Amino acid sequence: MTDTADRSPRWAMLMQLLAERGRLSVVEVCEQLDVSPATVRRDFNELAAQQLATRVHGGVVATAVAYELPARYRSAGKDAAKQQIAERASVLVEPGMVVGFNGGTTTTAVARAVAARPDLADHRQQPALTAVTNALNIAVELVLRPVVRTVGLGGVARPESYEQTGPITENAVDQMWFDLLILGVDGFDAATGATCRHPEEASINARMVARAERVVVVATAEKIGRATFSRICTAERVQTLVTDAAAEHPAVVALSEAGVDVASVIASSAD
């Protein structure tokens, strides 16, 4: 990559490194991203100007806001897997359904895949689908699709995830029913269930689960068998998992034994 390359993909990688390591030097970013020291220093100065990092001698240190970066800065390294998961999960949506989406990059990919389905555009009744979400970015995308009636839940938005939380959100969720909930998580394990990092998001997610007839967890492989801080629901409350984890992975097997229908988007090693 050269100094004149488009900054967007470079920044996505840079921000991912910063989120993972907390501190970066000019030398290590030059090596990781194959860019010149001058380019890295300019990027570091821009990070500091946007209050995403603090400039220190020879590098930068992540500020509090950068420890969990906004979705627009997250790496595209898992985009292929997330797209496969999104395509598989999108077929579970039927015309006429009320579908809930919580926040996250994987649920966002599913929402896009659902909205792009040609059969929904051709459905005799328009809008063909009602989408309910507490994620601002998902609402903004879906509201532009004439096949989707978009319902936002309101509340206080978290800049790290664009998810709205708090009493306003809770009151809105409690008035609704979902035919299907597409649930993004930070961890999913047979023993600990579905979890996320933040209690306020877990509270809203749990309420959405309680109002859903069917819950579908969408999660990339590194989240399977993992437990994070706040429980959303038990594994038994989830009907389906769509993941790129292999079907024979021990954590996936345990989830299957707990009654979760697992749809793996990769072929079994036995195939």
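About the cut-offs
- Residues numbered from 1 in each chain as written.
- Predicted model: local features only at pLDDT ≥ 70, side-chain atom pairs only at ≥ 80, totals over all residues.
- Heavy atoms only, no water.
- Helix = DSSP H or I, 4+ residues; strand = E, 2+ residues; numbered from the N terminus.
- Buried < 20%, exposed > 50% of the residue type's maximum accessible area, 1.4 Å probe, protein only.
- Areas by Shrake-Rupley, 256 points an atom, 1.4 Å probe, with all protein chains shown as cover.
- Pairing = 2+ DSSP bridges.
- Axes fitted to C-alpha atoms, helices over the stretch in contact; angles between N-to-C directions.
- Contact = heavy atoms within 4.5 Å.

Turning our attention to the overall build of the protein. Tallying secondary structure elements over the protein gives 10 helices and 15 strands in all. Within the span of the protein, comprising 271 residues, buried residues form 49% of the whole. For the protein, the exposed area adds up to about 12,300 Å²; of that, 53% sits on carbon and sulfur atoms.

An order of 1-3-2 is seen for the 3 strands of this open sheet, with the pairing classed as antiparallel. Each having just a single partner strand, strand 1 (23–25) and strand 2 (53–56) make up the two edges of the open sheet. Going across the sheet, the axis of each strand differs from the next one's by a mean of 20°, ignoring polarity. As paired elements, strand 2 and strand 3 (residues 59–62) share 4 bridges and run antiparallel to each other. Bridged to arginine 55 within strand 3 is valine 60. In this fold helix 3 (residues 37–49) packs onto strand 1, strand 2 and strand 3, with an angle of close to 130° to the strand it touches most, strand 2.

Along the polypeptide, asparagine 137 turns up in helix 7 (residues 136–142). The class for asparagine 137 is buried, based on a relative accessible area of 18%. Here asparagine 137 is in contact with Thr108, Ser161 and Tyr162, once residues within four sequence places are set aside.

Relative to the helices and strands, alanine 113 is located in helix 5 (residues 105–115). Assessed through its relative accessible area of 8%, alanine 113 is described here as buried. Taking the C-alpha atoms as reference points, alanine 113 and glutamine 83, separated by 30 residues in sequence, lie 8.2 Å from one another. Excluding residues that lie within four positions of it along the chain, alanine 113 makes contacts with Ala86, Glu87 and Ser90.

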